[in-house]
Amino acid sequence: MTLKFWLKKILKKTLIILISILFLVSIILVIFNIQNNLNKRIELQYNKINKTIDFQKKRIINNIKLISRTYSYSIDNKSVLKNMVENNKSIDKVIDYKPTFDEINEYYPDDNMDKKIKEYIKQNLKLLEEGKLKVFNFKNNIIFIAPYFYYLENIEIFEGVLIYYMSKEYLLSEIKIGLVENEYIKPYNKKSIFTLSKEFDFYSEKYYYILDYSNDVYLLIMLTIILMCLSFILYEILKIMFFKNLENEVIKPIEEFSDYIKQSGNLYEKEIFIDEFDNLRKSYNNLLIEIEEQKNEIEASYEEATAANEVLIETTKQLEFSISRFEGFIKLIGNLALSNISEKEFFNTLLKTAINLIPGVDYGSIVIRENGKWRFISSYGHDYDILKNIEIPDNIFVYVNKTQIIENILEEDKVAIQNEEIKKIFKASKPFVKSIFSPLKINDYVIGQISLDAKKDVKFDDEAIKVLETFTIISSIFIRLRRISKEEGQLHKNIILVLVKALEYYDKYTKGHSERVANIATEFAEYLGISHAEIKKVYWSGITHDIGKFFIPQTILNKPGKLNDEEYEIIKQHPIKSYELLASNPYLSEYSKIVKHHHERWDGEGYPDGLKGEKIPYISRIIMLADSFDAMITIRPYKKALSIQDAIEDIKKNSGSQFDPELAEKFIEYLRRKYL
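Residues numbered from 1 in each chain as written. Predicted model: local features only at pLDDT ≥ 70, side-chain atom pairs only at ≥ 80, totals over all residues. Heavy atoms only, no water.

## A short note on the sheet that holds strand S10 (residues 373-380)
Next, step 1: Spatially, the six strands line up as an open sheet ordered S11-S10-S9-S14-S13-S12, and their pairing is antiparallel. Each edge of the open sheet is held by one strand with a lone partner, namely strand S11 (391-393) and strand S12 (404-407). On average, each strand axis in the sheet is inclined to that of its neighbour by 30°, with strand direction left out of account.
Next, step 2: Along the sheet, helix H9 (residues 343-357) makes contact with strand S9 (363-370), S10 and strand S14 (445-454), crossing S10 at roughly 60°. (Pairing = 2+ DSSP bridges. Helix = DSSP H or I, 4+ residues; strand = E, 2+ residues; numbered from the N terminus. Axes fitted to C-alpha atoms, helices over the stretch in contact; angles between N-to-C directions. Contact = heavy atoms within 4.5 Å.)

Structure representation (structure tokens):
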């Protein structure tokens, strides 16, 4: 057997085996790659679906909680529900339901409410009263049940629930946005030989993500056919190349090339006739070229790294500046809730922070609009001692409705306005050439203005304007909170009067008692000649002295006969309950100790603390006399009303034991002048 024939036989077998192995490995790798990509795709979409559902649920819950916190204070609840439905495609309807009374308070667009929902609410009423939000999957809707409360001082009163009928179809459509071709979401598992599926939870209901990979199978078949054709072609090409002039065209050139590589590290310029081996030569040459290029690139990368380090230092400086801005905002926002911070102190801090954070600004001022006039409440750089005494009429003051940059406003105003107050502003102002003006607004009504001034012609970018607008928003919120706080005191007084009226319905035997005690005690306090501030305490202590009876069962309060010992011990708790209720409110806490001790006796035999003599608060002793006198002359189920004279005799009899003897004597004088 000749060498040529032997080589041909060996090479033929070798090529067939190699090409067959290559074909099989390629097919296996392709199948594995497709399977791996399908699994990754399913897992990726599954995670995306769950994250979308979580985000969707959090978004809905946060929005619902925000609405529920303010719903009790809405003037027109019907409009609130209507706006929610009409402005949100995901909401089919909203019902305001009072589970305590089993009644629907408001609804939009209809009040159709299934019994199963009512039963579900009753089963979870305790959790709802604790403020928990519940989700109920019902037919074509995902129902969110959110409790809402009315806040009386620090007391949270459960009012009802808002039932949001969220469209299941719309919520699913948000999830389906992320799907691509051949991907589906179904409430059932569509099994097929060319589909993969994965179950997920959609608001306590099973749904399936389904992937149809029939197209991938088709592509795999086509790829297999193509690989088979390519393998056959490759076999024929290699066979021709190897069998023709094998020794001269392959072995010899390769040996020469190999020897050259061993002896020299330079480029091999002589071409090899066989393309594959010539490509090897070229690859060797390219490798040498790449090594040289990489060497050059390393040197260039070092220079780039040096430049990048300088950029990083500059970026760090910018980041530190941004952090200082953020800290300034946080400090101002924290001051919003501080009732003890003065208006001037807050605005001085805000103005100084704004000037420090906006590059190029040197001076600034803040003006407020009140009662048709504008006054300065803060300035930086300008003469505030002059500015604080200036009041400018609304019709001549220049203000803006949105943030604007104005140049040389002082020069323009000198020509346009010859008002004395404006002249004072010119006198108090330091020279500047450019200003940013931004309005303070409440409900789109301009209530004030911040102006920042630059003594040089600097360029204010969009970032500077955004920072200033953030400060104006903080200022507007501060002003609104302060105005609300002023109104809050009067609101608390009105609420107390309403609670006292409610107590009269709760305790039918003391109707009008609190007001009579307050009026008697106030007249007596005026008779004693104490200060106006103390008289005010007397009146409100009289009004609220029995407010703790809300915590006493009606069966005891309205009992037609005398109380037994156990019932009397429960009644004795009402001064403590009155104290706890009033002490929890900053506007009423000053009356809490007075009310607590209005049943203490001069001899120390009273309740709840058994105080004696002068240790009993002075106003509590006044309330004690007025309370006892009203009880004496009022008809009760277990006693007749006393006459004025008999009541005076009873007070005289208990002077020094139940009542302060000195106050009792003056109270008797007051009663005789008033009634006898």
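## Quick word on the environment of Ile210
Next, step 1: Looking at the element boundaries, Ile210 is found in strand S8 (residues 206-212).
Next, step 2: Those residues in contact with Ile210 that lie beyond four places of it in its chain are Asn182, Glu183, Tyr184, Lys186, Tyr188, Lys190, Thr195, Leu196 and Ser197.

## Some points on the pairing of S14
Next, step 1: When you tally the buried positions in S14, you get nine out of 10 residues, the bulk of the element.
Next, step 2: Here S9 runs beside S14; their pairing, made up of six bridges, is antiparallel. Bridge pairing in S14 links Tyr363 to Asp453.
Next, step 3: Two strands pair when backbone bridges link them, and strand S13 (residues 434-442) and S14 are joined in this way by nine bridges, in the antiparallel orientation. Opposite Leu440, over in S14, you have Gly448 as the bridge partner.
Next, step 4: Two successive antiparallel strands, S13 and S14, enclose a turn made up of two residues, where Asn443 displays a positive phi of approximately 55°. (Buried < 20%, exposed > 50% of the residue type's maximum accessible area, 1.4 Å probe, protein only.)

## Quick notes on a nonpolar patch on the surface
Next, step 1: Together, Tyr218, Leu219, Ile221, Met222 and Ile225 make up an exposed nonpolar region whose accessible area comes to about 500 Å².
Next, step 2: Owing to a relative accessible area of 42%, Ile225 belongs among the partly exposed residues under this scheme. (Patch = residues over 30% accessible without salt bridge, like charges linked within 9 Å, V, L, I, M, F, W, Y side chains within 5 Å. Areas by Shrake-Rupley, 256 points an atom, 1.4 Å probe, with all protein chains shown as cover. Salt bridge = Lys/Arg side-chain N within 4 Å of Asp/Glu carboxyl O.)

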